[in-house]
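Residue strings, one per chain:
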Amino acid sequence: MDFISQHAVLVVSLVKIAVVLFLAMTALAYLSWFERKVVAHIQSRWGPYYVGAHGLLQPLADGLKFLFKEDVTPPASDQLVYVLAPFLALSLALTTLALIPFGPPNVRVFGQPVFVISNSNIGLLFLFAITSMGVYGVALAGWSSNSKYPLLGGLRSSAQMVSYEVSLTLSVVGVLLLAGSFSLNGIIESQRGHIGHWYVWPQIIGFLCYITAAIAETNRVPFDLPEAEGELVAGFHTEYSSFKFAMFFMAEYANMITVSCLATILFFGGWLAPFPESWTWQLYLPGVGLLALALYCAYDTVTSMRGVARLQLAVFTLLALVAGILCLLPAVMPLVQGPFWFITKVGLFLFLYVWVRGTLPRFRYDQLMSFGWKLLLPVSLVNLLATSFVILLGKRG
Amino acid sequence: MSLPFILFFVCAGLAILGAVLLIVSREPIHSALSLILVMVALAILYLTLGAEFIAAVQVIVYAGAIMVLFVFVIMLLNAGVEERTNWSQMAKYAGLPLAVVLLLEIAQWFWRSPTSARAVNGTPEAHPTHALSVLLFRQYVFPFEATSILILIAILGALVLAKRQE
């Protein structure tokens, strides 16, 4: 106990890191399930269905499969860099989560905020610092494989990520000017009030630029040129197999989550509720939402499941029921509000990602480059100039 | 031993290791990676000194932008393994002793100087960017803008040189 009180920052941080890492890994796994399910329904298919009820155990099965596959290392590859690249990609992608505030900073244990691992004054700059390193994973993977298609994929992706990083950063500066702070919690606090105070309204152009650049930055459809299978087999990860391939996959999903979290924080009020604080009925929403989920699962269990799947879904129903009742307890209710809204908003952004993937075809490489430099960059620059001009006018008047 | 103290020695060691590997390794990409290691280790050292902003900018500008360009160019040119040459006579008889003397001089200076013994107060400022921007955009605005124009001229010069060969 003495040790804990002396090194409260260290102990609490380690616990928080462990919890966030576990939750992030679970979220990554189920994001793959979510993506396959949504894309399948967009294309009038069922998606994963057989492993567990509604294919809910599919991510687990996929993970096990990756673990047991043969790990091939091409003999002509640069061994050290070849192994380093996937580790770099995944660890950098997960590190960004340390800066994301999942809830209000005033909930504290041992004097340390619970919902954020590292509450820095210049959190946004650190986030950009870490994401700016993300390109190495892809570029080095392409180079170290010592093979034609991966090298082309790696080159393409470095050029693409460097180009779109400029627009990504510039599109965010408008929000920084409005909030007057680099701290992520500070940016959220300055949007306090209701849905009308969110920065998405004054910064609608900045938001559109951000979301476009973010999709390109995470190498997703329609900007997934680094792994265009029609031209490059699988791009930078052609030679990777087994768990190293899975690590690239996980890094891509982790980047999607980070980018969605950042969009939520910068433009959609982070963990703030969309309704005015005087509407007290909104406190019941998390619990009622979970209870509704439990009700739907119970209905599904009884009507359409049989055998083992019925048992699995029954367990899931019970979990949702218990969580729902917990969220309605007066002691817990105020605590779950922040994370509830944050996760809901991030979930909507992830759905948008998958929706875009199910809808749009891939750009050609020259289109990608001219779009990034000749349209996105000027638009975000003009947006920045207009924002600073309006702020200056407001200060004069 | 306190935690920042251990962190300092780990990062200092990593920085020196990276610097040595940068010179020793024969593969250009390995050299570039070692340089990135040096940059990141330096950034963590800045962080332990309480200079959050400098640390972030160090990573964004050096590790995230300049080194990406280095790696990109090495990959694009498909630069091969360096060839080893024998040490030149100059390096052997003049360079090495000079380097040793220089190192000894620096060591002696650090040993004597009062700043080396004093621990730096490593608490981050509340608004590190505000103080910096006041300095850059009020006090030193002319040198700052002059530098940016200088960089612009350098970029244009590089473009002109690259175009001339066609």
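Residues numbered from 1 in each chain as written. Chains lettered and ligands numbered in written order. Predicted model: local features only at pLDDT ≥ 70, side-chain atom pairs only at ≥ 80, totals over all residues.

Draft legend 1. Just the overall build of chain A, in detail. Secondary structure assignment for chain A yields 15 helices and 2 strands. A compact globule built from 397 residues would reach a C-alpha radius of gyration of about 21 Å, and chain A, at 22 Å, matches this within 12%. When the 397 residues of chain A are sorted by exposure, 43% land in the buried category. A separation threshold of at least 6 residues defines the contact pool for chain A, and within that pool the share at least 24 residues apart is 77%. (Helix = DSSP H or I, 4+ residues; strand = E, 2+ residues; numbered from the N terminus. Rg over C-alpha atoms; globule rule 2.2 N^0.38 Å. Buried ≥ 20, exposed ≤ 12 C-beta atoms within 10 Å, placed from the backbone. Contact = placed C-beta atoms within 7 Å.)

Draft legend 2. View of the domain arrangement of chain B. For chain B, the domain assignment lists domain 1 (1-82) and domain 2 (125-166). When each unit is reduced to the centre of its C-alpha atoms, the spacing between domain 1 of chain B and domain 2 of chain B is 23 Å. (Domains from an automatic or database assignment.)

Draft legend 3. Looking closely at the interface of chain A and chain B. Of the residues lining the interface, 19 residues belong to chain A; the matching set on chain B comes to 18 residues. If you list the elements that add at least two residues to the side of chain A that touches chain B, you get α5 (123-133), α6 (135-144) and α7 (148-179) of chain A. Top contributing element to the side of chain A that touches chain B by residue count: α5(A), with 6 residues. Split into classes, the residues belonging to the side of chain A that touches chain B amount to 14 nonpolar, 5 polar and no charged. (Nonpolar A, V, L, I, M, F, W, Y, C, P; charged D, E, K, R; others polar.)

Draft legend 4. Representation of the confidence of the model for chain A within the structure. Residue-level pLDDT values for chain A average 85, and 96% of them are 70 or greater. Element-level mean pLDDT values for chain A span from 62 in helix α1 (residues 2-6) of chain A up to 90 in helix α9 (residues 204-217) of chain A. (pLDDT = per-residue confidence, 0-100.)

Draft legend 5. Representation of the confidence of the model for chain B in the model. Here chain B averages 83 in pLDDT, while 89% of its residues score no lower than 70. At the low end of the mean pLDDT range in chain B sits helix α5 (residues 114-117) of chain B, at 58; at the high end sits helix α7 (residues 141-164) of chain B, at 91.

Draft legend 6. View of the environment of Leu99(A). All names here are of chain A. By the element assignment, leucine 99 lies in the loop between α4 (79-95) and β1 (108-109). Sequence separation between leucine 99 and leucine 124 is 25 residues; the distance between their C-alpha atoms is 8.1 Å. Ignoring sequence-local partners within four residues, the contact set of leucine 99 consists of Ser118, Ser120, Gly123, Phe126, Leu127 and Leu184.

Draft legend 7. Here's a closer look at the nonpolar core. Judged by nonpolar contacts, the single largest core of 120 residues is most densely connected at Ala89(A), Ala263(A) and Ala56(B). If near-sequence neighbours (up to four positions away) are discounted, Ala263(A) is found in contact with Tyr210(A), Ile211(A), Ala214(A), Phe268(A) and Phe349(A). (Core = buried A, V, L, I, M, F, W, Y, C linked by C-beta atoms within 7 Å.)

Draft legend 8. Quick look at the packing of helix α2 (residues 8-42) of chain A against helix α11 (residues 242-267) of chain A. Residues and elements named next belong to chain A. Contact geometry of α2 with α11 gives a least axis separation of 9 Å together with a crossing angle of 100 degrees. By the criterion of interaxial angle, the relationship of α2 to α11 is roughly perpendicular. Packed against α2, whose contacting residues are Ala24, Ala27, Leu28, Leu31 and Ser32, the element α11 presents Met250, Tyr253, Ala254 and Ile257 at the interface. Here the contact of α2 with α11 is built from residues that sort into 8 nonpolar, 1 polar and no charged. (Axes fitted to C-alpha atoms, helices over the stretch in contact; angles between N-to-C directions. Parallel < 35°, antiparallel > 145°, perpendicular 65-115°, else oblique.)

Draft legend 9. Structural detail: α9(A). Residue and element names in this part refer to chain A. In this model α9 runs 20 Å from its N-terminal to its C-terminal C-alpha over 14 residues, within 8% of the 20 Å that 1.5 Å per residue would give. Within α9, 11 of the 14 residues are buried, leaving the element largely enclosed by the surrounding structure. Buried within α9 we find Gly206, Phe207, Cys209, Tyr210, Ile211, Thr212, Ala213, Ala214, Ile215, Ala216 and Glu217. Close packing links the buried residues of α9 with α7, α11, α14 (333-359) and α15 (365-396). Positive phi appears at asparagine 219, one or two residues downstream of α9, with a value of about 60 degrees. (Expected span 1.5 Å × (residues − 1).)

Draft legend 10. Just unusual backbone geometry, in detail. At Ser44(A), a position not held by glycine, the phi torsion is positive, near 55 degrees. We classify Ser44(A) as exposed; it has 6 C-beta atoms within 10 Å.

Draft legend 11. Expanded view of helix α13 (residues 308-328) of chain A. Residues and elements named next belong to chain A. Here α13 is 21 residues long and its end C-alpha atoms lie 31 Å apart, about the 30 Å a rise of 1.5 Å per residue gives. For α13, every residue scored as buried is listed here: Ala309, Leu313, Phe316, Thr317, Ala320 and Cys327. Down the axis of α13, the smallest arc covering the buried residues is 105 degrees, so these residues share one side. Every exposed residue of α13 that faces more than 90 degrees away from the buried side is listed here: Val308, Val315 and Val322. (Arc of directions from axis to C-beta.)

Draft legend 12. Spatial organisation of the packing of α5(A) against helix α3 (residues 52-77) of chain B. Contact pair α5(A) / α3(B): the axes reach a minimum separation of 9 Å and the direction vectors enclose 20 degrees. Judged on the interaxial angle alone, α3(B) and α5(A) are roughly parallel. The two elements α5(A) and α3(B) cross, and the hand of that crossing is left-handed. Between α5(A) and α3(B), the contacting residues are Leu125(A), Phe126(A), Phe128(A), Ala129(A), Ser132(A) and Met133(A) on the first element and Ala56(B), Val59(B), Ile60(B), Ala63(B), Gly64(B) and Ala65(B) on the second. When the residues that make up the contact of α5(A) with α3(B) are grouped by side-chain class, the tally is 10 nonpolar, 2 polar and no charged. (Left-handed = near helix turned anticlockwise from the far one by under 90°.)

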